[in-house]
Amino acid sequence: MSYQNFSNAQMQAMDAAHHLHPFTDHADLRAAGSRIITRADGAYVYDALGNEILDAMAGLWCVNAGYGRKELVEAARAQMEELPYYNSFFRCTTPTPVLLADRLARIAPGHINQVFYGSSGSEANDTALRLVRHYWALEGKPEKTIVISRQWAYHGSTIAATSLGGMAAMHGQLYGAVPNIRHVMCPYAFELAEPGESDHDFGLRAARTVEDAIVEAGPDNVAAFIGEPIQGAGGVKIPPASYWPEIQRICDKYDVLLMLDEVITGYGRTGAWFAAQSMDIRPDTITTAKGLTSGYQPLSALLVGDRIARTLVDKGGEFFHGYTYSGHPVACAVALANLEIIEREGLIERVRDDTGPYLGEALSAGIGDHALVGEVRSFGLVAAIEIVRDRETRERFEPAGHAATVIRDHAIDNGIMMRAVGDTMILSPPLIWTRQTIDEAIDRIRSALDAAAKELR
């Protein structure tokens, strides 16, 4: 059955009748009707009404290599014909997860050489939580179970991943969180820096809230600290340069494992294969997904450091954990082809040396002076625009989040897909964007801000 046999209105009606969407107010959505995205090419998506939209979110932070990649389609087709599925249980495996694990070990930081597969970032963070607690038990320290996380962190939407995250609204619907997870302040200087406080000093202060939490709990009770190098779904909160070195010092001092969530930042977004390399972080685990396959197949890879892996292999016996689709051969085939595209086309170097710096410059020059903009910030090809009522006082619009939602809707009307998080607009485009694409995006964002300003004022 083809969607082309149905009108846009018919598709919307079926969607409303049967489809429960993620992170959605369903009464609101069904009153308005879903936007039906029907095809995509390069940096653009197209809806059922024929509207062309520049995708500044790379789908959901994931389409790093852009849309319409026939190599990825061919990789999936060829693997499906040869072996569409077999599991990684029963002392078995298939070729593509083996080849992918080898490839990931070669591009990861040098002390990371093992991979555990899943289908999503949420699953990978569940695995990481189980693994670090199991590690300490194997090392004879089962009391080390507490994980320190941060407010506004997003680590997924399963019960364990939501518990790890720091989203209050999500916690409110848990009805029983995973225990022994504690949250401290996030490095969000725009709202949390004190008057006159330098970025350097703020970064140290934010990091030391982690140390305070470790000391309060007792280092012998703390298993790990988990953090995104750049907090993504929480509003692209980019820490000062002083933050991560201090986090590293604290984790080393108290023998606390460092879990790095690179579901968003992995595979080129920060101008390196991993933000751990961009920011000189030495994690014990790296959670990855999204850009691993550019979203063409669901796949996650938890990258595991030698310290944990050695104990798991030497002392662990059977690790009672895994998924039906761990190391799915088709997903892994697509991932291998995707990593080849990223390397062959020099997308990482482009982000590092050209488009990443240019995005920051273009945002500042193009919209930095707009009446609704309190701050723009970026790192590689991920960026945020803080929305304010008053640029001088940084007063926000009321109710919270309303202004950004208005801007988001005008942005889509002006042909660019951005995301609103609270009072922040965020961008995370495909790595194939060029300077010309960035200029086009800035023009469309400026038009959306101008239209929203008239409505809001």
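Each remark here, short or long, concerns the structure printed above.
Residues numbered from 1 in each chain as written. Predicted model: local features only at pLDDT ≥ 70, side-chain atom pairs only at ≥ 80, totals over all residues. Heavy atoms only, no water.

### Quick look at the packing of helix α15 (residues 347-367) against helix α17 (residues 435-456)
Angle between the axes and distance between the axes are the two parameters that describe a pair of packed helices.
Turning to step 1, where the next piece is worked out: Here α15 crosses α17 at 30°, and the two axes come no closer than 10 Å. Classified by the interaxial angle, the pair formed by α15 and α17 is roughly parallel. Between α15 and α17 lies a crossing of right-handed hand. Across from Asp 354, Thr 355, Tyr 358, Leu 359, Ala 362, Leu 363, Gly 366 and Ile 367 in α15, the residues of α17 making contact are Arg 435, Ile 438, Asp 439, Ile 442, Ile 445, Arg 446 and Leu 449.
Turning to step 2, where the next piece is worked out: Its residues assigned to classes, the contact of α15 with α17 shows nine nonpolar, two polar and four charged. (Axes fitted to C-alpha atoms, helices over the stretch in contact; angles between N-to-C directions. Helix = DSSP H or I, 4+ residues; strand = E, 2+ residues; numbered from the N terminus. Parallel < 35°, antiparallel > 145°, perpendicular 65-115°, else oblique. Left-handed = near helix turned anticlockwise from the far one by under 90°. Contact = heavy atoms within 4.5 Å. Nonpolar A, V, L, I, M, F, W, Y, C, P; charged D, E, K, R; others polar.)

### Section: the sheet that holds strand β13 (residues 416-417)
Turning to step 1, where the next piece is worked out: The strand order β1-β2-β3-β13 describes an open sheet built from four strands, whose pairing is mixed. Whereas interior strands pair on both sides, the edge strands pair on one side only; in this sheet they are β1 (37-41) and β13.
Turning to step 2, where the next piece is worked out: Here two bridges tie strand β3 (residues 52-55) to β13, and the two strands are oriented parallel to one another. Following the sheet pairing, Leu 54 is matched in β13 by Ile 416.
Turning to step 3, where the next piece is worked out: Sitting on the sheet, α17 touches β2 (44-47), β3 and β13, and the angle it makes with β3 is about 110°. (Pairing = 2+ DSSP bridges.)

### Looking at the pattern of salt bridges
Turning to step 1, where the next piece is worked out: For the structure shown, the criterion picks out 28 salt bridges.
Turning to step 2, where the next piece is worked out: With a closest N to O distance of 2.9 Å, Arg 282 and Asp 252 form a salt bridge. Here Asp 252 lies in helix α11 (residues 243-254) and Arg 282 lies in the loop between α12 (275-278) and β9 (285-288), a separation of 30 residues in the sequence.
Turning to step 3, where the next piece is worked out: Judged by relative accessible area, which is 44%, Arg 282 ranks as partly exposed.
Turning to step 4, where the next piece is worked out: Given a relative accessible area of 49%, Asp 252 falls into the partly exposed group.
Turning to step 5, where the next piece is worked out: Between Asp 409 and Arg 408 there is a salt bridge, and its shortest N-O distance comes to 3.0 Å.
Turning to step 6, where the next piece is worked out: Residue Arg 408 is classed as partly exposed on the basis of its relative accessible area, which comes to 30%. (Salt bridge = Lys/Arg side-chain N within 4 Å of Asp/Glu carboxyl O. Buried < 20%, exposed > 50% of the residue type's maximum accessible area, 1.4 Å probe, protein only.)

### What about the side chain of Glu 211?
Turning to step 1, where the next piece is worked out: Inspection of the secondary structure puts Glu 211 in helix α10 (residues 199-217).
Turning to step 2, where the next piece is worked out: One polar contact links Glu 211 to Tyr 254, side chain to side chain, over a distance of 2.8 Å.
Turning to step 3, where the next piece is worked out: The residues contacting Glu 211, other than those within four sequence positions of it, are Arg 249, Ile 250, Lys 253 and Tyr 254. (Polar contact = N/O pair within 3.5 Å; in protein donor to acceptor, adjacent residues only side chain to side chain.)

### As for helix α6 (residues 121-138)
Turning to step 1, where the next piece is worked out: End to end, α6 covers 25 Å across 18 residues, agreeing with the expected 26 Å (1.5 Å per residue, within 8%).
Turning to step 2, where the next piece is worked out: Along α6, the residues classified as buried are Gly 121, Ser 122, Ala 124, Asn 125, Asp 126, Thr 127, Ala 128, Leu 129, Leu 131, Val 132, Tyr 135 and Trp 136.
Turning to step 3, where the next piece is worked out: After α6 finishes, the residue Gly 140 shows a positive phi value of roughly 80°. (Expected span 1.5 Å × (residues − 1).)

### Details of the side chain of Arg 444
Turning to step 1, where the next piece is worked out: Structurally, the position occupied by Arg 444 is in helix α17.
Turning to step 2, where the next piece is worked out: Under the relative-accessibility criterion, Arg 444 is labelled buried at 18%.
Turning to step 3, where the next piece is worked out: Separated by 2.6 Å, the side chains of Arg 444 and Glu 440 make a polar contact.
Turning to step 4, where the next piece is worked out: If near-sequence neighbours (up to four positions away) are discounted, Arg 444 is found in contact with Glu 52, Leu 54, Asn 414, Gly 415 and Ile 416.

### Some words on the pairing of β9
Turning to step 1, where the next piece is worked out: Here β9 shows two buried faces, one formed by Thr 285 and Thr 287 and the other by Ile 286 and Thr 288.
Turning to step 2, where the next piece is worked out: Where strand β8 (residues 257-261) and β9 come together, three bridges link them in parallel fashion. Among the inter-strand pairings, Leu 260 is bridged to a residue of β9, identified as Ile 286.
Turning to step 3, where the next piece is worked out: Relative to strand β10 (residues 300-305), β9 runs antiparallel, the two sharing four bridges. Looking at β10, one finds that Thr 287 is bridged to Leu 302.

### Re the pairing of β1
Turning to step 1, where the next piece is worked out: Pairing of β1 with β2, which is carried by four bridges, proceeds in the antiparallel orientation. Counterpart to Ile 37 in the pairing with β2 is Asp 47.
Turning to step 2, where the next piece is worked out: The turn linking β1 back onto β2 is made up of two residues, and Gly 42 within it adopts a positive phi angle of 65°.

### Focus: the state of the cysteines
Turning to step 1, where the next piece is worked out: What the rule picks out here adds up to zero disulfides.
Turning to step 2, where the next piece is worked out: With no disulfide of its own, Cys 186 lies closest to Cys 251 among cysteine sulfurs, the gap being 17 Å.
Turning to step 3, where the next piece is worked out: Owing to a relative accessible area of 2%, Cys 186 belongs among the buried residues under this scheme. (Disulfide = S-S within 2.5 Å.)

### Let's talk about the packing of aromatic side chains
Turning to step 1, where the next piece is worked out: With the rule as written, the count across this model stands at eight aromatic pairs.
Turning to step 2, where the next piece is worked out: Aromatic pair Phe 89 and Phe 90: ring centres 6.2 Å apart, planes at 55°, arrangement tilted.
Turning to step 3, where the next piece is worked out: For Phe 90, a relative accessible area of 62% gives the class exposed.
Turning to step 4, where the next piece is worked out: An aromatic cluster is present here, built from Phe 225, Tyr 243 and Trp 244 joined pairwise through their rings. (Phe/Tyr/Trp six-rings, centres within 6.5 Å; stacked < 30°, edge-to-face > 60°.)

### A few points about the environment of Ile 148
Turning to step 1, where the next piece is worked out: Tracing the backbone shows Ile 148 in strand β5 (residues 146-150).
Turning to step 2, where the next piece is worked out: Along the chain, Ile 148 and Tyr 117 lie 31 residues apart, while their C-alpha atoms are 24 Å from each other.
Turning to step 3, where the next piece is worked out: Residues within four places of Ile 148 in sequence aside, it is in contact with Arg 182, Val 184, Val 210, Ala 213, Ile 214, Val 222, Ala 224, Phe 225 and Ile 226.

### What about the sheet that holds strand β11 (residues 373-379)?
Turning to step 1, where the next piece is worked out: Read from one edge to the other, the open sheet built from four strands follows the order β11-β12-β15-β14, with strand pairing classed as antiparallel. Of all the strands in the sheet, just β11 and β14 (419-421) have a single pairing partner and so form its edges. Averaged over all pairs of adjacent strands, the angle between their axes in this sheet comes to 25°, without regard to strand direction.

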